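Letter by letter, the chains look like this.
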Amino acid sequence: MKTDVGAEVGELRSCIEAARTLVDLLRNHCAPDAETAKALPARISAVLNIASVRLGLLERCLNGSRNPAELAASYSSAVGSDGTHIAEWSPARRRADVERELRQLQADRPRSRRRRSS
């Protein structure tokens, strides 16, 4: 499976535009009622959190530290050959990553035991 980077960036842009619209509603006191106005800060925070998490995941996929399969979403599934696409890792690459993480955990285990005993 391939992920269309342009579609992912477009979705992030939409999230940011939605947050900006919600901020405008709050700033201009244009919420339809008091309950909605009270909920706007939490909604703005939620939208920005989604954008931040997706952007961080996209960054890690592009620099090769995370499997692009983690970005899988219906809006960014690559169907054409146009644009920039990132492919999910092969089974061999996934296995190598799991083995690397296991080695790291095993190397960290003795250090964490020493910390607890002191």
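Rules of the game
Residues numbered from 1 in each chain as written. Predicted model: local features only at pLDDT ≥ 70, side-chain atom pairs only at ≥ 80, totals over all residues. Heavy atoms only, no water. Axes fitted to C-alpha atoms, helices over the stretch in contact; angles between N-to-C directions. Helix = DSSP H or I, 4+ residues; strand = E, 2+ residues; numbered from the N terminus. Parallel < 35°, antiparallel > 145°, perpendicular 65-115°, else oblique. Left-handed = near helix turned anticlockwise from the far one by under 90°. Nonpolar A, V, L, I, M, F, W, Y, C, P; charged D, E, K, R; others polar. Salt bridge = Lys/Arg side-chain N within 4 Å of Asp/Glu carboxyl O. Buried < 20%, exposed > 50% of the residue type's maximum accessible area, 1.4 Å probe, protein only. Expected span 1.5 Å × (residues − 1). Contact = heavy atoms within 4.5 Å. Polar contact = N/O pair within 3.5 Å; in protein donor to acceptor, adjacent residues only side chain to side chain. Bend = angle between axes of the 7 residues up to and from the residue. pLDDT = per-residue confidence, 0-100.

**Observations concerning the packing of helix H1 (residues 5–27) against helix H2 (residues 34–62)**
Move 1: Two elements in contact, H1 and H2, have axes whose closest approach is 9 Å; the angle formed by their N-to-C orientations is 160 degrees. Looking at the two axes, H1 sits roughly antiparallel to H2. H2 is crossed by H1, and the crossing has left-handed handedness.
Move 2: Here the contact of H1 with H2 is composed, by residue class, of 22 nonpolar, no polar and 3 charged.

**Observations concerning the pattern of salt bridges**
Two side chains that carry opposite charge are able to pair once their charged atoms sit near each other.
Move 1: Per the stated rule, a full pass over the model turns up 8 salt bridges.
Move 2: When the shortest N-O distance is used, the salt bridge between Asp97 and Arg100 registers 2.8 Å. With a gap of 3 residues between them, Asp97 and Arg100 both fall in helix H3 (residues 91–117), about one helical turn apart.
Move 3: By relative accessible area, Asp97 is classed as buried at 13%.
Move 4: The class of Arg100 is partly exposed, set by a relative accessible area of 41%.
Move 5: Close ionic contact of Glu101 with Arg100 constitutes a salt bridge, the shortest N to O distance being 3.9 Å.
Move 6: Among the residues examined, Glu101 registers a relative accessible area of 42% and is labelled partly exposed.
Move 7: Taken together, the salt bridges that share partners define one network made up of Arg20, Asp24 and Arg27.

**Some words on H1**
Move 1: Across its 23 residues, H1 extends 33 Å between first and last C-alpha, which sits within 8% of the 33 Å expected from 1.5 Å per residue.
Move 2: Listed in full, the buried residues belonging to H1 are Val5, Glu8, Gly10, Leu12, Cys15, Ala19 and Leu22.
Move 3: In this structure, the buried residues of H1 make contact with strand E1 (2–4), H2 and strand E2 (85–87).
Move 4: The N-cap of H1, judged by a side-chain oxygen 2.9 Å from the amide nitrogen of Gly6 a few residues on, is Asp4.
Move 5: Of the residues trailing H1, His29 is marked for its positive phi of about 55 degrees.

**Focus on H2**
Move 1: Here H2 contains 29 residues, and its C-alpha end-to-end distance of 43 Å stays within 8% of the 42 Å for a straight helix at 1.5 Å per residue.
Move 2: At Leu40, H2 shows its maximal bend, which comes to roughly 40 degrees, and the proline Pro41 appears one to four places after that position.
Move 3: Capping the start of H2 is the job of one residue whose side-chain oxygen sits 3.2 Å from the backbone nitrogen of Glu35: Asp33.
Move 4: Just downstream of H2, Gly64 is the residue with a positive phi angle, here 90 degrees.

**Examining the confidence of the model for the protein chain**
Move 1: Here the protein chain averages 88 in pLDDT, and 91% of its residues register 70 or above.
Move 2: Averaged over each element, pLDDT in the protein chain is lowest for H3 (82) and highest for H2 (95).

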